[in-house]
Amino acid sequence: TARDGDPAELVRAAHPDLIVDIGDVDRRYANLADKVQQETGVPYLLFSGSLLDIGATLRKLGPILGNNAEGERLANYVAAAMSEARKAAQRQAHPKVYFARGADGLQTPMGTTGPMEFLRLLGARTLDAKPDAHGNATVIVDQVRAWQPDYIVTDEADAFDAVTHRSVWQALNAVHDGRVLLAPTGPFGWID
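Procedures and definitions
Residues numbered from 1 in each chain as written. Predicted model: local features only at pLDDT ≥ 70, side-chain atom pairs only at ≥ 80, totals over all residues. Heavy atoms only, no water. Helix = DSSP H or I, 4+ residues; strand = E, 2+ residues; numbered from the N terminus. Buried < 20%, exposed > 50% of the residue type's maximum accessible area, 1.4 Å probe, protein only. Contact = heavy atoms within 4.5 Å. Areas by Shrake-Rupley, 256 points an atom, 1.4 Å probe, with all protein chains shown as cover. Lys, Arg positive; Asp, Glu negative; His and termini not counted. Charge placed at Lys NZ, Arg CZ, Asp CG, Glu CD. Pairing = 2+ DSSP bridges. Phe/Tyr/Trp six-rings, centres within 6.5 Å; stacked < 30°, edge-to-face > 60°. Expected span 1.5 Å × (residues − 1). Axes fitted to C-alpha atoms, helices over the stretch in contact; angles between N-to-C directions. Parallel < 35°, antiparallel > 145°, perpendicular 65-115°, else oblique. Left-handed = near helix turned anticlockwise from the far one by under 90°. Nonpolar A, V, L, I, M, F, W, Y, C, P; charged D, E, K, R; others polar.

A word on the overall build of the protein chain
What the protein chain contains, in helices and strands, is eight helices and eight strands. Seen along its three principal axes, the alpha-carbon backbone of the protein chain occupies a region of about 55 × 40 × 30 Å. Taking all 192 residues of the protein chain together, the buried fraction comes to 33%. A fraction of 60% describes how many contacts in the protein chain between residues 6 or more apart in sequence connect residues 24 or more apart. Working note: accessible area of the protein chain is about 11,400 Å², and carbon and sulfur atoms make up 54% of it. Taking the average location of the 19 positive side-chain charges in the protein chain and that of its 25 negative ones, the two points are 6 Å from each other.

Focus on the pairing of strand 3 (residues 96–100)
Summarising burial for strand 3: five of the five residues are buried, a large majority. Where burial is concerned, the two faces of strand 3 agree: the one with Lys96, Tyr98 and Ala100 and the one with Val97 and Phe99 are both buried. The pairing of strand 3 with strand 5 (residues 125–126) spans two bridges and is parallel. Along strand 5, the bridge assignment pairs Lys96 with Arg125. Pairing of strand 3 with strand 7 (residues 151–154), which is carried by four bridges, proceeds in the parallel orientation. For Ala100, the partnering residue across the bridge sits in strand 7 and is Thr154.

Some details on the pairing of strand 7
In this structure, strand 7 lies alongside strand 8 (residues 180–182), joined through three bridges in parallel fashion. What sits directly across from Thr154, in strand 8, is Leu182.

Observations regarding the packing of aromatic side chains
Within this structure, the stated rule accounts for one aromatic pair. On the basis of an interplanar angle of 35° and a centroid distance of 6.2 Å, the ring pair of Tyr98 and Trp169 is categorised as tilted. Taken together, the residues span a long stretch of sequence, with Tyr98 in strand 3 and Trp169 in the loop between helix 7 (157–165) and helix 8 (173–176) at a distance of 71 residues. A residue is classified by how much of its surface remains accessible, and Tyr98, at 0% relative accessible area, is buried.

Topic: unusual backbone geometry
One non-glycine residue, His15, lies in the positive phi region at around 55°. Judged by its relative accessible area of 66%, His15 is exposed.

Description of helix 4 (residues 68–91)
Helical periodicity: at 3.6 residues per turn, an α-helix aligns residues three or four positions apart in one direction. The terminal C-alpha atoms of helix 4 lie 35 Å apart, and with 24 residues this matches the ideal 34 Å at 1.5 Å per residue to within 8%. For helix 4, every residue scored as buried is listed here: Gly71, Ala75, Val78, Met82, Ala85 and Ala89. Next to the buried residues of helix 4 lie helix 3 (54–64) and helix 5 (114–121).

So, the environment of Asp34
Within the secondary structure layout, Asp34 lies in helix 2 (residues 27–40). Between the C-alpha atom of Asp34 and that of Pro95, which follows or precedes it by 61 residues, the distance is 42 Å.

A word on the packing of helix 1 (residues 7–14) against helix 2
It is the contact of helix 1 with helix 2, at a shortest axis distance of 9 Å, that shows an interaxial angle of 50°. What the angle tells us is that helix 1 and helix 2 run oblique. The two elements helix 1 and helix 2 meet at a crossing, and its hand is right-handed. Where helix 1 approaches helix 2, its residues Pro7, Ala8, Val11 and Arg12 are matched on the opposing element by Leu32, Val36, Glu39 and Thr40. Its residues assigned to classes, the contact of helix 1 with helix 2 comprises five nonpolar, one polar and two charged.

Description of helix 5
Within helix 5 the residues assigned to the buried category are Pro115, Met116, Glu117, Leu119 and Leu121. Contacts made by the buried residues of helix 5 are with helix 4, strand 3, strand 4 (107–109) and strand 5. Positive backbone phi, at 95°, marks Gly123, one or two positions downstream of helix 5.

This is the structure:
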């Protein structure tokens, strides 16, 4: 049985031929990849999960997985979808969007995290706050009220319930006018 939290034990228990990790690429994850590969002998590939890098990642994975044509087909699909998103963003107004997380809706991803990258690609303006080490920020309702977002988006049911039902959020036009959106999360996160 693999010990909780020991990546090498989890890998050994699964008996993989290859580990493909698509997500954050920073020193912490690179060190983890090196450690797991050294301890298990299983090749570990670490690719950027940035929305803007997905096409390149698919093009690299095609030959590695023995299917160049499928990797190229998927990369072309991503390029077309990104192009369409950029065109739509140019045609539309650039609404202010607050992305709510947490049980109270007061945590928001910042920087170049998945949700913010996605929203900005679509032309949204996002709340500017100072992120913590994980790329999130905790704000107060007064900050969001002062900013008056046109839309509030979340992918968490708790955050959606807090924003739509708690009285402290009712002064926001987005809440009052029904512009609070809950993104689907299954089978995988649609925004993140």
